[in-house]
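Okay, here's what each chain looks like letter by letter:
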Amino acid sequence: MLKRKRWGKLDPASSFGVDRRGGATKLSKGDDEDSSCRIIIADDADDVRYLLRLVVESHEAYKVVGEARNGREAVDLVATHHPELILLDVSMPVMDGLEAIPVIREASPETKILMISGLDASYVATAARELGANGYVEKGIGRNELIEAISALCP
Amino acid sequence: MRREKNGAPTATDRYQRLIEESGIGLFQTKVDGSIGWLNAAAARVLGYESPQQFLESIHDIRQIYVDPSRRDDLLELLERDGAVTNFEYEAKRRDGGSRWISITARALYEEGRLEAFEGTFLDVTDKKLLESAAQSISSHLEPAAAVAHFAEVLQRAVPFAQLSLVVIEGDRYRRVVSLSGQGSADALPTGQWVALKGNSVEMVVRSGQPAVVDDTSEARWPFDLVLYEAGVRSYAIFPLLDRDRVFATFNLGRAEKGGFDREVLSLVEILVSAATQAVKNILLFEQQRQAVDHLEDLNRMKHEFLAGIAHDLRNPVAVIGGAAQILEEAWEAMPDERKIEVVQTIRRSVSGLQTSLQRDLDLTLLEQGELHYDIHSFDLQAVLREIVDSWASSVTTRTFELNVASRLPVAFGDPHRQGQILHNLLSNAVKFSANDSTIKIQAVPEPNEIIVSVLNEGDIDSRNHERLFQRMSRLSADKPGTGLGLYICRLMVEAQGGRIWFDGRTAEGVRFSYSVPLGDRGTA
C-alpha cells in the first residue's frame, strides 16, 4: 500500500502551504517516513522544470537539489549529488534521456530513475526499462499520480 | 557572264543563273564521294552560308550522312535504276543538328560506268519530324517518357540544353517534366506551382503566341537567372492551345544566346502543334494519377502533421494543465508572486502553441503549393527595416545591424512572405549565436537582383550545407520546429523567383544569402 503524505505547512522559501481542499489524503498518524528524498529534475523546457519543482517541493520530504537542461548536465549533477531520485525527460538536446540512463547508472548506481516522457511512442517505455530506468510516466499526468510514482521509488 | 552579241545573256549563263539562284537545292556528287557542285539553296539547307563555305568544310559527301550506309543504298538504287526519286536520308547540319533530306536524281555515266549523279536536294525535315514527333509523343502516356521520346526527335533537328513541359492552371503554372539536352544544362525542379504573374510564361498565356528570350543573362524575367545558372542562355516558350485557351507550354532552352531564329522557331512550332493532342491526353492521364498520389500524400501528411502537432502540443499542454491544477488546488495558500509566476508559465505555453500551430499550418500549405503569394513591386528596404526593428526590440541579448548601401531599387515579390524569409533567418541567427553578439543584415543591389545577407557570429557544421535547406522529418529533430526554418525559407524564396544559399563561414561568422528579383517589370 502506498504511503501518502500530507501537504503540510512548509517554509516560505518553498512553494505553498496547507492544502485544505478535498483530494488531499490524510496522513496516517505515526507515519514517520521523514527521510528526505533528494531529487534532480532534468528537462529542456524551463516551464516544465518550474512546475515539476513546484509539485515536488510541495511535499515535505522531497527536495530538489538540482536542475538540468540536457542529459549531459543531468549526468554531471547526479555524479555530484548522488540524489535518491532523478526525474528524467526523454527528449533533450546534446544527450537525450535514453542515452543518459546507462551513464547515470554507472555514475550513481543507487539513484532511482523516473522517466518523464512527452512522446507517445510505446517503444520508449520498453527501451527505458531495458536500459535500467525504474519507472516511466507521461507528462500529462496529474500531480497526485506524479507524487505516487515518486513515492514508489523514494519511500 | 558571257553575253550574246546583242548583250543578252547566253543560254548557258541563263541556266547557270537558274541553278545558282534557284530556291530549290540542286547538286551533283560523284560516286567516290567528292562533290561536283551544289547551289546556295542546298548549302543553306545544311546551315552553310554559301556553297563555298560548304565546300571548305565538306570534302566527302559521306561526312554529312548521319548513317553513311544510306549512301550505299542510294548508289545501289542508282546502279539499278539509273535514277532515284524521293530518296530520304538524315544529313548533318553545320550546327550539329540534322535535317531530313529528300533526293531526286539521275545517274551520270562516263564510259558506260556510273560516275556521278545530280538532282534536287530538298529539306523534308518538317514532314519527317512531324511523323516522328507525333508518333513518339503518342507512344507513352506517362509524361516523362513521352516527352523524352519527343525530345529525342527534337534534339536532332534543334540541339537544345533543356526542354520542359509546363501545365497552366488558372493563375499559376507547374513544370510537369524537365529534361536536359546534350551535355550542358541541369533539369529544372518540377512539381511546384508558381504564380504566373510577372513571368515570361504569363506573356505566352495571354497572347497565345510563342515568346523568345534571347539572353537570360539580361534577367528580364524573374527566373531568367535561374535558367542562366542551369546552363540555358536563350529560351522560347511555345503555347499548346485547346481551342483558344493555352493549357500548356513547351519551354525550350538552348545553350547559346539568340538561339531561336525564324527557321528554328517555325520548325519547333510545327512539332509542338503536332504534339498538342497527345499532350492533352498525357496531361489528363497525369491529372488522374496525380489525384491518386495526392490522396496518398495527403494521408501520409495527415499522419505526420498530427504526429508533429501532438509532439508540439505535449509540453505546452502538460505545463498548462499542471499549472492550472496547482493554481486550483493551492490558490489560497499560494503567495501572490508565486501565483503570477505560474500564470505566466501558462501564457508562455499558449504563445508557444500559437507559434507552432501557425508554422505547422504554413508549412503544410507551402509544401502543397497552396500558399498564396501576392506578388507585386514593393519596397524591400521598408520590409527589412520593419523585421529588424521588431527583432531588435524584442531580443535584447543580441545587437542587430541593418546595412543598406544606398537607396535600393524596387523589388518584386510578396512583401509579407519576404518578411517571413528574413524573420526565419534571424530566428536561426539568434538560435546559433551567443549572448551579446551582433547579427548583421545587409542588402546589396546587383544589376539584376537584390542580394540580402544575414551574418551571425558563431560556427556551423558546413560539411552538409546543401542538406540545411532540405526538409527534416519533424520527429527526428531535437525540438519541434528546428530544422524547418531554412527549408521554409527556400520554398518561399524559390517560389518568388529567387535563390537562397549558405554563403560561407569565416572568422566573422556564418552567413546566409538570398536573392530578390527586381520590380518595375513591364506588364506582361
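The text that follows walks through the structure, step by step, so that each part is easy to find. (Residues numbered from 1 in each chain as written. Chains lettered and ligands numbered in written order. Predicted model: local features only at pLDDT ≥ 70, side-chain atom pairs only at ≥ 80, totals over all residues. Heavy atoms only, no water.)

A look at the state of the cysteines
Residues and elements named next belong to chain A.
For step 1, the next point in the chain: A full pass over the atoms with the stated rule returns one disulfide over all chains.
For step 2, the next point in the chain: In this model C37 forms its disulfide with C154; the gap between the sulfur atoms is 1.6 Å. Disulfide C37 to C154: torsion about the S-S bond roughly 85°, handedness right-handed. Of this pair, C37 sits in strand β1 (residues 37-42) while C154 sits in the segment after α5 (143-153), and the two are 117 residues apart along the sequence. We note that C37, like C154, is buried. (Disulfide = S-S within 2.5 Å. Helix = DSSP H or I, 4+ residues; strand = E, 2+ residues; numbered from the N terminus. Buried < 20%, exposed > 50% of the residue type's maximum accessible area, 1.4 Å probe, protein only.)

What about the pattern of salt bridges?
For step 1, the next point in the chain: If you walk through the whole model with that rule in mind, you get 30 salt bridges over all chains.
For step 2, the next point in the chain: Of the charged contacts, one joins E508 of chain B and K440 of chain B as a salt bridge, the two residues approaching to 3.8 Å between their closest N and O atoms. On the criterion of sequence distance, the pair formed by E508 of chain B in the loop between β17 (500-505) and β18 (510-517) and K440 of chain B in strand β15 (residues 437-445) is long-range, its members being 68 residues apart.
For step 3, the next point in the chain: Given a relative accessible area of 34%, K440 of chain B falls into the partly exposed group.
For step 4, the next point in the chain: One network of salt bridges, with partners in common, ties together D46, R49, R53, E57 and E67 of chain A. (Salt bridge = Lys/Arg side-chain N within 4 Å of Asp/Glu carboxyl O.)

Section: a negative patch on the surface
For step 1, the next point in the chain: On the surface, D67, D72, E76 and E79 of chain B cluster together to form a negatively charged patch.
For step 2, the next point in the chain: Summarising the element assignment, E79 of chain B is placed in helix α4 (residues 69-81). (Patch = residues over 30% accessible without salt bridge, like charges linked within 9 Å, V, L, I, M, F, W, Y side chains within 5 Å. Areas by Shrake-Rupley, 256 points an atom, 1.4 Å probe, with all protein chains shown as cover. Lys, Arg positive; Asp, Glu negative; His and termini not counted. Charge placed at Lys NZ, Arg CZ, Asp CG, Glu CD.)

Some words on the packing of helix α12 (residues 415-431) of chain B against helix α13 (residues 485-495) of chain B
Residues and elements named next belong to chain B.
For step 1, the next point in the chain: Where α12 meets α13, the axes come as close as 9 Å, and the angle between the chain directions of the two elements is 155°. One finds that α12 runs roughly antiparallel with respect to α13. Regarding α12 and α13, the two cross each other, and that crossing is left-handed. Facing α12, whose interface residues are R417, Q420, I421, N424, L425 and N428, α13 presents G485, L486, I488, C489, M492 and V493.
For step 2, the next point in the chain: Its residues placed into classes, the contact of α12 with α13 shows seven nonpolar, four polar and one charged. (Axes fitted to C-alpha atoms, helices over the stretch in contact; angles between N-to-C directions. Parallel < 35°, antiparallel > 145°, perpendicular 65-115°, else oblique. Left-handed = near helix turned anticlockwise from the far one by under 90°. Contact = heavy atoms within 4.5 Å. Nonpolar A, V, L, I, M, F, W, Y, C, P; charged D, E, K, R; others polar.)

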